[in-house]
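Chain by chain, the residues run as shown.
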Amino acid sequence: MPGFELIDNKEKKALSNLFDEGGVLFAHGFDALRKKYHVREFEENLSKYFESEHSLCVSSGTAAIKCTLAAYGIKEGDEVITQSFNFIATLEAIHDIGATPVVIGIDDSLNMCPDLLEKNITNKTKAIMPVHMLGVPAEMKKIIEIADLHNIPVIEDACEAVGAKYDNKFVGTLCDYGIFSFDFGKNITTGEGGAILSKNANLDKLVREYHDHGHQNIENLPRGLDLASRPGFNYRMGEMNAVVGKEQLKKLDFILEENKKRYMILNDGLSSVKDIKIRFIPDSALPSYDTFIFEICDENKREVIKNILINLGIGTKNLPDAIRWHCSYYWDYFLKDTNNAYAEETLIKLSKNIAIPIVLKKSTSDYQNLVQEILNVF
Ligand SMILES: *Cc1c(COP(=O)(O)O)cnc(C)c1O
């Protein structure tokens, strides 16, 4: 469920306190006017919660991806491999840095298919970016194995799976870099915002400099006299976003718990229907359970179920209604044809799926009711 459903007096009070405590809305400096550095605190809290070596807050998930590509020095002529069921942001970041996205197909988990990885690696491949779509971790063990074999870094896009785990570790911490988004539709939200989790101090330093005009933040130097050694940009998070983020993070355990209850009602209630194929979850994966996806080949029944979801006020999520923004088939306006090899089969596969959002405003009995209505279709 999206964190915005839980916004209450905690976030309001935190914002109001921010103004009472000096009202500095900038992450850096103004030391005499302020009592706290909320962006830096939010980063510490993220590192603690997700057991990450380092965390950097930025202005969006899309910016976060771009910062990691910049940190590796990825540029024109380089290739970055990602997947056909995706959000357009990954492709945009690769495009914006000047590199070429190489889009490979998906498996039954609806995430990057590791079996397609090896044959798409070339001597231009500079990074691999699997995306944990809609709460379910990808087959990371296989992906990391292949990447390691070729000595190519893996950037995990965990924007849609904040709180999910793989092999008992939070997604976003399995590779060199992990990306979170805190936009308004995500598991926890700062309105707009994102984070980059990284494995070591040097990786953290590179994205930290890039996201802040190249600032090296050299100790004891005032910001105006600070130095830079490479160009950067401004992708900073503001203090208002961070105070909201700190409160939202405290709610993540509750969000994950409530998600799972509702997801399991759908899972247990529908698993015996032979015409329904529930999305495959990899063995080592613990999803964040914020979306329940299933495939149903009969088009008429699919339409009936879609209408049930609309009538109950639950609706569908991304599949089918926002498929344009999540399937590479539609992105020929900036993808070369050769990158579309897997697009059509992904479109056909995704078109058979329905994504049910897990929302707090609907109770567990609402989801039980939904199961009954779906069962009645068969
Ligand atoms: C939301 C999202 C992003 C981008 O996040 P923003 O904060 O909205 O820029 C990137 N990748 C995926 C998979 C997403 O779902």
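Residues numbered from 1 in each chain as written. Predicted model: local features only at pLDDT ≥ 70, side-chain atom pairs only at ≥ 80, totals over all residues. Heavy atoms only, no water.

Chemist: Now, about the overall build of the protein chain: what can you tell me, with residues and values included?
Modeler: Counting its regular elements, the protein chain contains 11 helices and 13 strands. Relative to the 2.2 N^0.38 estimate, which gives 21 Å for 378 residues, the radius of gyration of the protein chain is 21 Å and therefore close to what a compact globule would have. Reported as C-alpha extents along the three principal axes, the dimensions of the protein chain are approximately 70 × 55 × 35 Å. Residues classed as buried in the protein chain amount to 56% of the 378 residues present. Sequence separation of at least 24 residues holds for 69% of the intrachain contacts in the protein chain that already meet a minimum separation of 6. Of the roughly 16,400 Å² of accessible surface on the protein chain, 51% is carried by carbon and sulfur atoms. (Helix = DSSP H or I, 4+ residues; strand = E, 2+ residues; numbered from the N terminus. Rg over C-alpha atoms; globule rule 2.2 N^0.38 Å. Buried < 20%, exposed > 50% of the residue type's maximum accessible area, 1.4 Å probe, protein only. Contact = heavy atoms within 4.5 Å. Areas by Shrake-Rupley, 256 points an atom, 1.4 Å probe, with all protein chains shown as cover.)

Chemist: I'd like to hear about the site of the ligand, residue by residue, with values.
Modeler: Residues in close proximity to the ligand total 13 residues, the closest being Thr62, Glu160, Ser181, Asp183 and Lys186. Contacts to the ligand include Glu160, whose side-chain N or O atom sits 2.6 Å from an oxygen atom. A distance of 2.6 Å separates an oxygen atom of the ligand from a polar side-chain atom of Asp183. Taken by itself the ligand offers 380 Å² of open surface, and the protein chains cover 94% of this. The residue makeup of the shell around the ligand, split by class, is four nonpolar, five polar and four charged. (Near = heavy atom within 4 Å. Polar contact = N/O pair within 3.5 Å; in protein donor to acceptor, adjacent residues only side chain to side chain. Nonpolar A, V, L, I, M, F, W, Y, C, P; charged D, E, K, R; others polar.)

Chemist: Got a sec to walk through the pairing of strand β9 (residues 194–198)? Specific residues and values, please.
Modeler: Judged by how many residues are buried, β9 sits mostly within the fold: five of five residues are covered. Alternating residues of β9 divide into Gly194, Ile196 and Ser198 and Ala195 and Leu197, and every residue in both groups is buried. Two strands pair when backbone bridges link them, and strand β1 (residues 54–58) and β9 are joined in this way by five bridges, in the antiparallel orientation. The residue bridging Val58 from the neighbouring strand is Gly194, located in β9. Pairing geometry for strand β8 (residues 177–181) and β9, over five bridges, is antiparallel. (Pairing = 2+ DSSP bridges.)

Chemist: Provide a residue-level description of the side chain of Asp204, including the pertinent values.
Modeler: In this structure, Asp204 sits in helix α6 (residues 201–210). Asp204 has contacts with His54, Ser55, Leu56, Tyr177 and Ser198, leaving out every residue within four places of it along the chain.

Chemist: How would you sum up the sheet that holds strand β12 (residues 291–296)? Please name residues and give values.
Modeler: With antiparallel pairing, three strands are arranged side by side in an open sheet as β10-β12-β13. A single partner strand is all that each edge strand has here, and the edge strands are β10 (276–278) and β13 (353–357). Mean inter-strand twist for the sheet, computed between neighbouring axes without regard to direction, equals 30 degrees. Where β10 meets β12, three bridges bridge the pair, whose relative direction is antiparallel. Looking at β12, one finds that Ile276 is bridged to Ile296. Set on the sheet, helix α9 (residues 299–311) makes contact with β12 and β13; between it and β13 the angle comes to about 15 degrees. (Axes fitted to C-alpha atoms, helices over the stretch in contact; angles between N-to-C directions.)

Chemist: Break down the sheet that holds strand β7 (residues 169–170) for me, with residues and values.
Modeler: Taken in spatial order, the three strands make up an open sheet running β7-β6-β11, and their pairing is antiparallel. Each having just a single partner strand, β7 and β11 (285–286) make up the two edges of the open sheet.

Chemist: Lay out the packing of aromatic side chains in plain terms, naming residues and giving numbers.
Modeler: Counted under the stated rule, the structure contains 16 aromatic pairs. Between Phe4 and Phe184, the ring centres sit 4.8 Å apart and the planes meet at 15 degrees, which makes this aromatic pair stacked. Remark: Phe184 occurs in the loop between β8 and β9 and Phe4 occurs in the segment before α1 (9–20); sequence separation between them is 180 residues. Judged by relative accessible area, Phe4 falls into the partly exposed class, the value being 35%. Judged by its relative accessible area of 45%, Phe184 falls in the partly exposed class. Within the aromatic cluster, the residues linked to one another by ring pairs are Phe42, Tyr49, Phe50, Phe170, Phe180 and Phe182. One cation-aromatic arrangement involves Lys66 over Phe233; the distance from NZ or CZ to the ring centre is 5.2 Å. Geometry around Phe170 places Lys165 over its ring, the cationic atom sitting 4.7 Å from the centre. (Phe/Tyr/Trp six-rings, centres within 6.5 Å; stacked < 30°, edge-to-face > 60°. Lys NZ or Arg CZ within 6 Å of the ring centre and 35° of its normal.)

Chemist: How would you sum up the packing of helix α2 (residues 38–50) against helix α7 (residues 239–250)? Please name residues and give values.
Modeler: The geometry of α2 relative to α7 is characterised by a closest axis approach of 8 Å and an angle of 30 degrees between their N-to-C directions. Judged by the angle between their axes, α2 and α7 are roughly parallel. Where α2 crosses over α7, the two elements pack in a sense that is left-handed. Only Glu239, Ala242, Val243, Gly245, Lys246 and Leu249 of α7 make contact with α2, whose side of the interface consists of His38, Val39, Glu41, Phe42, Asn45, Leu46, Tyr49 and Phe50. Tallied by class, residues from the contact of α2 with α7 come to eight nonpolar, three polar and three charged. (Parallel < 35°, antiparallel > 145°, perpendicular 65-115°, else oblique. Left-handed = near helix turned anticlockwise from the far one by under 90°.)

Chemist: I'd love a proper account of the packing of α9 against helix α11 (residues 364–377), names of residues and values included.
Modeler: Working note: a packed helix pair is described by the angle between its axes plus the distance between those axes. It is the contact of α9 with α11, at a shortest axis distance of 10 Å, that shows an interaxial angle of 155 degrees. Compared by their axis directions, α9 and α11 come out roughly antiparallel. Where α9 crosses over α11, the handedness of that crossing is right-handed. Side by side, α9 and α11 meet where Lys301, Val304, Ile305, Ile308 and Leu309 of the first sit next to Leu370, Glu373, Ile374 and Val377 of the second.

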